[in-house]
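An overview of the molecular structure
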Amino acid sequence: TTSTSVSSRRFFIARLWWTSGYSAGGHLALLYAYSRTNSACVPVNLVFEQVGPADLCPEAFAPGVMSSSLTFNAFAQKLIPNYQNMSDAERKSALAEISPISYISPQAVPTIMVYADEDIIVGNIHGAHMNDALASNGIDYAYLYMPRSNHTCEFDSAVMDQFWNTTSSRLKRSRIKARNSAQSR
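Residues numbered from 1 in each chain as written. Predicted model: local features only at pLDDT ≥ 70, side-chain atom pairs only at ≥ 80, totals over all residues. Heavy atoms only, no water.

A separate point is the nonpolar core. By size, the foremost hydrophobic cluster in this structure holds 18 residues, and its most contacted members are L30, Y34, V47, I104, Y115, M130 and L134. Those elements that place two or more of their residues in this core are α2 (24-35), β2 (44-50), β3 (111-116) and α5 (125-136). Tallying contributions element by element places α2 first for this core, with four residues. Sequence-distant contacts of V47, defined by excluding residues within four places in its chain, comprise T19, A29, L30, A33, Y34, V109, P110, T111 and I112. In this structure, V114, A142, V159 and F163 belong to the second largest nonpolar core, which totals 14 residues. (Core = buried A, V, L, I, M, F, W, Y, C linked by side-chain atoms within 4.5 Å. Buried < 20%, exposed > 50% of the residue type's maximum accessible area, 1.4 Å probe, protein only. Helix = DSSP H or I, 4+ residues; strand = E, 2+ residues; numbered from the N terminus. Contact = heavy atoms within 4.5 Å.)

Among the structural elements, D156 can be located in the loop between β4 (141-146) and α6 (157-183). We classify D156 as buried; its relative accessible area is 2%. In this structure the side chain of D156 is engaged in a polar contact, spanning 2.7 Å, whose partner is the side chain of S149. If we skip the residues at most four places from it in the chain, D156 touches M146, P147, R148 and S149. (Polar contact = N/O pair within 3.5 Å; in protein donor to acceptor, adjacent residues only side chain to side chain.)

Our next topic: the pairing of β3. Of all the six residues making up β3, six are buried; the element is thus mostly covered by neighbouring parts of the structure. In β3, alternate side chains face the same way, and those of T111, M113 and Y115 on one face and I112, V114 and A116 on the other are all buried. Looking at chain direction, β2 and β3 are connected through four bridges and run parallel. Note on β3: the bridge partner recorded for E49 is M113. As judged from the six bridges shared by β3 and β4, these two strands associate in the parallel manner. For A116, the partnering residue across the bridge sits in β4 and is M146. (Pairing = 2+ DSSP bridges.)

In structure tokens form, the structure reads like this:
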């Protein structure tokens, strides 16, 4: 195939794309999906994640591993160049820039998330903050809660089954919607 024949073809990228991740990967999946709602080169129509840090303010990590300001500051310095030399206002702004929750708007994509009550790394407060932000913006979402699990998500198998079943169902609906949209063109 020559470049001429390829460039003359019409390509359709359906909004079938999703992002997903666990822990830090969940953070990146949320950040990409929410911060690029209108500008993603590959449009996202769903994000599903497990125990991803969604709000990188120090208060969202207490109690737990990050509850010490010394630990949190060491963590933040790895993410943000010059963090130690910033004023409090600059730090707050820099943390908001890399916090997925800062980008939630009425245009945010549907979200499926699960957080664990016994998680001392990424506490359930992240799920509670996400629940509030998504609800107040009218976003289609599922917030699943694991009362017995820690960061490994291993002690609430029924909740994890619900997470994967909800995700599978939502992905199937997206494929059907995209196929119907493509056929109507």
